[in-house]
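The primary structure of each chain is shown beneath.
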Amino acid sequence: MTGQPGRTGRGGGQAGAGDLLALVRTGRATTRGALQQATGLSRATVGQRLDRLFRAGWLREGAGGPVDSPLGGRPSITLEFDDAHAVVLAADLDTRHARAAVLSLTGEILAEHSAVLAVEDGPDAVLGELGGWFAELLEKAGRGAQEACGIGLAVPGPVDSETGLVVQPPIMPGWDGYDIRSRLSRAFTERTGVAPVPVLVDNDANLMAYGEQRTGYRDCSAFVLVKVSTGIGAGVVVGGEIFRGVDGGAGDIGHIRVGSEALCRCGSQGCLAAVASGGAVARRLAETGVPAASGSDVRDLLAAGHPGAAALAREAGRQVGDVLATVVTLLNPGVLMIAGDLAGTSFLTGVRELLYQRALPRSTARLDVVTSRLGDRAGLVGAGAMVVEHLYAPTRVEERLVALGV
């Protein structure tokens, strides 16, 4: 019997092994019969393509499912993505700290480390240090370096997603145009002795938004996350995909002019980040004699109930809320998430005051304004998910299977 043309294949062709894996991973088809129905492929062709995935170690058989036929018979064997065959490495850089982790292919954090690591030390030193962290974390997780299939990196600056290069980052001196992918891959190889692995880089707010949307708000078709730490940035997820703009500059709301004459680190005057970021609040606190130099210092003061910090955080929230009224009117998101060092009660109260005052009621009627669920781990989860979605995309699966000789 000849199968019909595969209905889920790319470019009008028959569905390949990568398409079948995607159906299983997303839960849209998890038995051989369901895969035949979804793709129009014959039983034999489905079996041949599944065999390649089994030999690669990417699929496994699960428990028996419901009986397909109304006449009874043996239950169908379900198919599952085998998330134990590899791990992903991820790191999230802030201006003064970094966090790194080993994650399973389904996003579970298996080992984690955070420490002081200043981006102003430059990319060569910082990425070299991360290579050492990854080697130690793999050992801590009980996984071999050869099991790492890729690395995801979140950075506090705009990134060209095609090249992985940071483009004119205001708070990352020395990183503009630097080949992050090659250096981090080389650092990992130098510390482990394994072959180079793919490295993907994106803006931290983008990856935080991606991680949060995938884990807690999958049904939200328009999701916005605003990170307010030393700087201010936003990540936008539309239809389950990160919206980056034409060259990675989407979401850079920290450099919207708000009318102040305050000098921003980007060199311009009156940027939102210059008056309402964690760094700006820290400077204002320092002027009153309160020891604070960064967004993380402000977070500590807020956690301790410092009244001056709370008042300034609320004022900063109002300034950000004024800008977000335009963002919400333009994008009409279902969820607006506030994250980062200032994402507490005082700041959120200020955001809501101005947002609901300035935005059209139509734009906020179905809007949920929330704070982060994943906290400091959001960027790691998003970076790991970015790598997995890249490596297990249907076309990439075909390339990798050929490379494996299966």
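Above: the structure in question.
Overview of the structure. (Residues numbered from 1 in each chain as written. Predicted model: local features only at pLDDT ≥ 70, side-chain atom pairs only at ≥ 80, totals over all residues. Heavy atoms only, no water.)

**Observations concerning the side chain of Asp92**
In plain terms, the rule: Counting from the N terminus, the helices are the DSSP runs of H or I reaching at least four residues and the strands are the DSSP runs of E reaching at least two. Type-normalised accessible area, obtained with a 1.4 Å probe on protein chains alone, sets the label of each residue: buried when under 20%, exposed when over 50%, and partly exposed for intermediate values. Charged-residue counts in this description rest on Lys and Arg as positive and Asp and Glu as negative, His and the chain ends being excluded. Criterion for a salt bridge: a side-chain nitrogen of Lys or Arg within 4 Å of a carboxyl oxygen of Asp or Glu. In this description, contact between two residues means that some pair of their heavy atoms is separated by no more than 4.5 Å.
Residue placement: Asp92 occurs in strand 3 (residues 87–93). Lys227 provides the closest opposite charge to the buried, unpaired Asp92, separated from it by 5.1 Å. For Asp92, the contacting residues outside a window of four places in its chain are His97, Ala98, Arg99, Ala154, Asp204, Asp376, Gly379 and Leu380.

**Section: the sheet that holds strand 6 (residues 148–155)**
In plain terms, the rule: If DSSP finds at least two bridges between two strands, the strands pair. Think of each axis as a best-fit line through the C-alpha atoms, taken over the contacting stretch in the case of a helix, with angles from 0 to 180 degrees between the N-to-C directions.
With respect to topology, 5 strands assemble into an open sheet ordered 5-4-3-6-9, the strand pairing being mixed. The two strands at the open ends of the sheet, each matched to only one other strand, are strand 5 (109–116) and strand 9 (199–203). Strand-to-strand twist of the sheet, defined as the mean angle between neighbouring strand axes without regard to direction, takes the value 15°. Sheet topology places strand 3 next to strand 4 (residues 97–104); 7 bridges connect them, and they run antiparallel. Bridging from a neighbouring strand, Leu93 pairs with Ala98 of strand 4.

**Structural notes on the packing of helix 2 (residues 32–39) against helix 3 (residues 43–56)**
Note the cut-off: In this scheme, a crossing is called left-handed if the near helix is turned counterclockwise away from the far one by less than a right angle; it is called right-handed if the turn is clockwise.
At a closest axis distance of 10 Å, the pairing of helix 2 and helix 3 adopts a crossing angle of 115°. The hand of the helix 2/helix 3 crossing is right-handed. Contacts between helix 2 and helix 3 involve Arg32, Leu35, Gln36 and Thr39 on the former and, on the latter, Arg43, Val46, Leu50 and Phe54.

**Digging into the sheet that holds strand 13 (residues 335–339)**
Read across the sheet, 5 strands follow the order 12-11-10-13-14 without closing on themselves; strand pairing throughout is mixed. Both outer strands of the open sheet, strand 12 (241–242) and strand 14 (368–371), are each paired with one neighbouring strand and no more. Examined bridge by bridge, strand 10 (residues 222–228) and strand 11 (residues 232–238) share 7 bridges and lie antiparallel to one another. Counted as the bridge partner of Lys227 is Gly233 from strand 11. Packed on one face of the sheet, helix 11 (residues 345–358) meets strand 10, strand 13 and strand 14 and runs near 165° to strand 14.

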